[in-house]
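A look at the structure
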Amino acid sequence: MGCDFRIRKDKEDKMDKKDRIVFATHNKNKLAEIRNILKNYDVVGLRDIGCETDIVEDADDLQGNAKIKADFVTNNYHLNCFADDTGLEVEALNGAPGVYSARYAGEGCSYHDNVVKLLDAMKDITNRKARFRTVIALNLNGKQYFFEGIVNGKILEEEHGEGGFGYDPIFQPDGYDMTFAEMPMEIKNKISHRGRAVQKLVEFLHLVS
Ligand code: ITT
């Protein structure tokens, strides 16, 4: 009986204990979004593992940058890890700002500087079609996997909403009459580029666990 109890307790402890996975980001907004989606995992950020390094993302596409970040953690900390890179791709600007979305208005610029620069670049453009694209690189037990998520929409002519981050106040996803910055996080997470890529990651993690 004592033994039965111990087995049951061990099982319960195991069920309570969430699998830990590193999300290689310093971006608190992204970490909060992902924790909200991956509720069954103990998702920790770079700061949580004591990594203060500003990992240089110098690849020329999203997949390359996601790989650089995930590999940095796995090579230096020997942990399972995933990393994402996201770009806002505007059709009339031939896919810009794309892989340069974070520093579109220059090194050290703010989210608002980027928004202002994009609105200015598009002031005479009527084709407002754009999409957010996320690529996730996952390093799991010595193997590497990639997942992609896309959301189509358009760039508005002015900012709307206070929520979200980055280009959210000017991006309106198809099928909605509000920007990402006007939506509750739960809705954004369901339909967003990152949400969709993470959904694929979650399905994969369930398959392999
Ligand atoms: P890490 O590299 O530390 O993860 P980051 O801020 O550089 O964080 P990304 O490379 O993923 O983030 O994204 C590049 C830029 O794209 C980011 O700085 C934002 O301006 C924009 N961006 C990313 N995800 C976004 C989202 O969900 N909504 C609006 N803008 C977003």
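As shown above, the structure is provided for reference.
Residues take numbers from 1 onward in each chain, read along the sequence in its written order. Totals for whole chains, interfaces and linings use every residue, but because this is a predicted model, local features are given only for residues with pLDDT of at least 70 and side-chain atom pairs only at 80 or more, for both listing and counting. Note that the side-chain values use all heavy atoms of the structure and ignore hydrogens as well as water.

1. Overview of the overall build of the protein
Only DSSP runs of H or I with at least four residues qualify as helices, and only runs of E with at least two residues qualify as strands; both kinds are numbered from the N terminus onward. Scanning the protein for helices and strands turns up six helices and seven strands. Listed N to C, the secondary structure of the protein is α-β-α-β-α-β-β-α-β-β-β-α-α in terms of helices and strands. By principal-axis analysis of the C-alpha atoms, the protein measures approximately 75 × 35 × 25 Å. Burial statistics for the protein: of 209 residues in total, 44% are counted as buried. By definition in these notes, contact holds between two residues if any of their heavy atoms fall within 4.5 Å. In the protein, once contacts between residues fewer than 6 apart in sequence are set aside, the share between residues at least 24 apart is 54%. Residue-level accessible areas treat just the shown protein chains as cover; the underlying method is Shrake-Rupley with a 1.4 Å probe. Total accessible area on the protein stands at roughly 11800 Å², and carbon and sulfur atoms take up 49% of it. Positive charges come from Lys and Arg alone, negative charges from Asp and Glu alone, with His and the N- and C-terminal ends not counted. Here the site of a charge means NZ on Lys, CZ on Arg, CG on Asp, or CD on Glu. Charge centroids of the protein, computed over 29 positive and 35 negative side chains, lie 6 Å from each other. Throughout, exposure labels follow a simple rule: accessible area from a 1.4 Å probe, protein chains only, divided by the maximum for the residue type, with under 20% read as buried, over 50% as exposed, and the rest as partly exposed.

2. Quick word on the site of the ligand
It suffices for a single heavy atom of a residue to lie within 4 Å of a molecule or strand for the residue to be listed as near it. Taken together, 19 residues surround the ligand, and among them Lys30, Asp85, Asp168, Lys188 and Arg194 come closest. Think of a polar contact as two N or O atoms within 3.5 Å of one another; within protein, one of them needs to be a possible hydrogen donor and the other a possible acceptor, and neighboring residues in sequence only count if both atoms come from side chains. One of the side-chain N or O atoms of Lys69 is found 2.9 Å from an oxygen atom in the ligand. A distance of 3.0 Å separates an oxygen atom of the ligand from a polar atom in the side chain of His193. Computed on the free molecule, the ligand has an accessible area of 600 Å², of which 91% lies beneath the protein chains in the complex. For the shell around the ligand, the secondary structure elements donating two or more residues are strand S3 (81-90) and helix H6 (193-208). For this scheme, ten residues count as nonpolar: Ala, Val, Leu, Ile, Met, Phe, Trp, Tyr, Cys and Pro. Four count as charged, namely Asp, Glu, Lys and Arg, and the remainder, Gly too, count as polar. Across the shell around the ligand, the residue classes tally to five nonpolar, seven polar and seven charged.

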